[in-house]
Every structure is written in structure tokens, then in C-alpha cells.
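As a plain string of letters, each chain reads:
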Amino acid sequence: MSTLPLILLLSGSLRAGSSNEAVLRTAQAVAASQVRTAGYEGLAALPHFNPDDDTDPLPAPVVELRAAIGEAAAVLICTPEYAGTLPGAFKNLLDWTIGGTEICNKPVAWVNAASPGRGQGAEATLRLVLGYTGAAIVESACARIPVASHMVGADGLITDPHVREQVGEVLAVLTDAREQAADPDRA
Ligand code: FNR
């Protein structure tokens, strides 16, 4: 079994042809040999958050979500903005993390792929809600990397070499932050 750190990739978009998904797909493609990535694909299957259901036995999709976060060394989020804030489906995902401990102190970063000057409401809400979850936001890994639809190829990957490089850099900084958190004596 591989001992490479695992970065869980969380998309906030359910849309086919999503640019946020393209960022995360590209992250999987450019991930260096020092890191593993895993895309979370259960967003649409999560039930609406209800505190009455946040008890054993948990709904199966919630068990899967919390296990995926628990197994990850760090989490990378890429989400669109809808009506000035996070998509409801993604806020729902974050609500489900609060009753568990998996995300507490977990290094988390995001990529804002919106056009320049857009997406700030989603980013602000993400910061706020992650604060409630107890996640450890890695500021140095959070990035604004605008992704226009023409940058995404037929294979769903971003073709622009500079953007691909930026996505790789986010993974590298997030991995490094995670390793420093795991071993504070590491230079
Ligand atoms: C949007 N979009 C959007 N963008 C933004 O910066 N601020 C906003 O308030 C909104 N609101 C909004 C509402 C609705 C209903 C839609 C459909 C879209 C634009 C949206 O964030 C953008 O198209 C993203 O690229 C969508 O992400 P995916 O699906 O491509 O990953």
C-alpha cells in the first residue's frame, strides 16, 4: 500500500463540463510523484443536512464522505459561486462535516477558478464555514487561478501550461504544509 500523502479533491459543482471539476481533474493529472490525489464523487448523493440524521447509523453517503476526509492528509476545494455565495450542494457537504471530527485540524486549501474579480463571495463564505468546521486553512496554498472554458480541452483537462503549472504549485504548497504540520521539526 502506498504511503504517499493523499490529497482529497472536493468540487462544489455538479455541472457536466464544470470548470471547477476541470481544475481538480488537472490537479490529478499534474500531481507529482510525491503525492496521491483522490476525487470525491459523492456530492450529488449526499442527503440534505438534518441534525436528526447526524446520528448512528449515519446515512451511507455521509459515512463515505467522512471516511474520504479522514483518510486524506489534506483537502483541496474548488467551487463556483452562486448568487454571491457557495452552491447549496457544497454548503450541504460542509454542514455534514461538522458533526464529525475528520476535518478538524486537517490542512485545507482552495482554488478560486472564477474570472478576475468574481467568486469573492464564495471564497469569503468558504473561509467562514471552514472556520466553523475546525479545518486548518493553508493560506499559502489558496490561489486564484481564473479558468475560462476555452482553456479546457476535449479530455476535460486544462490545456494552458501556465495554469497547469499553477495548479501543480498549489498541490506542492499544500503537501509541504501538511508535512510540516506532521513534523514541525522538518526544515
Ligand atoms: C452563477 N455564477 C456566478 N459567478 C459569480 O462570480 N458570482 C455569482 O454570484 C454567480 N452567480 C451565479 C448564479 C447562477 C444560478 C449560475 C448558474 C452561475 C457563475 C458561475 O459561478 C460560473 O459560471 C462558474 O464557472 C460555474 O462553475 P462550474 O460549474 O463551471 O464549475
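Described below are features of the structure shown in this document. Note that the coordinates shown come from a computational prediction; the quantities given were computed from them, not determined experimentally. (Residues numbered from 1 in each chain as written. Predicted model: local features only at pLDDT ≥ 70, side-chain atom pairs only at ≥ 80, totals over all residues. Heavy atoms only, no water.)

### Some points on the state of the cysteines
- Throughout the structure, instances matching the rule amount to zero disulfides.
- Here Cys78 stays unpaired: no disulfide links it, and the sulfur of Cys142, its closest cysteine neighbor, is 11 Å away.
- Unpaired in terms of disulfides, Cys104 finds its nearest cysteine sulfur in Cys142, a separation of 18 Å.
- On the basis of relative accessible area, Cys104 is assigned to the partly exposed category, the value being 35%. (Disulfide = S-S within 2.5 Å. Buried < 20%, exposed > 50% of the residue type's maximum accessible area, 1.4 Å probe, protein only.)

### Quick word on the pairing of strand 2 (residues 36-39)
- The sheet contact formed by strand 1 (residues 6-11) and strand 2 spans four bridges and is parallel. Pairing of Leu9 across the sheet is with Gly39, part of strand 2.
- Chirality of the crossover, the property in question, places the unit of strand 1, helix 1 (residues 19-30) and strand 2 among those that are right-handed. (Pairing = 2+ DSSP bridges. Helix = DSSP H or I, 4+ residues; strand = E, 2+ residues; numbered from the N terminus. Right-handed = clockwise from strand over helix to strand, strands pointing away.)

### Section: a nonpolar patch on the surface
- Together, Ile98, Leu128 and Tyr132 make up a nonpolar patch on the protein surface, roughly 360 Å² of accessible area in all.
- When you line up the elements, Tyr132 lands in helix 4 (residues 120-133).
- Given a relative accessible area of 64%, Tyr132 falls into the exposed group. (Patch = residues over 30% accessible without salt bridge, like charges linked within 9 Å, V, L, I, M, F, W, Y side chains within 5 Å. Areas by Shrake-Rupley, 256 points an atom, 1.4 Å probe, with all protein chains shown as cover. Salt bridge = Lys/Arg side-chain N within 4 Å of Asp/Glu carboxyl O.)

### Description of the packing of aromatic side chains
- Overall, the coordinates contain one aromatic pair when judged by the stated rule.
- When the centroid spacing of 4.8 Å and the interplanar angle of 80° are considered together, the rings of Phe49 and Trp96 count as edge-to-face. In this pair, Phe49 sits in the loop between strand 2 and helix 2 (60-71) while Trp96 sits in helix 3 (residues 88-98), placing the two residues 47 residues apart along the sequence.
- By relative accessible area, which is 29% here, Phe49 ends up partly exposed. (Phe/Tyr/Trp six-rings, centres within 6.5 Å; stacked < 30°, edge-to-face > 60°.)

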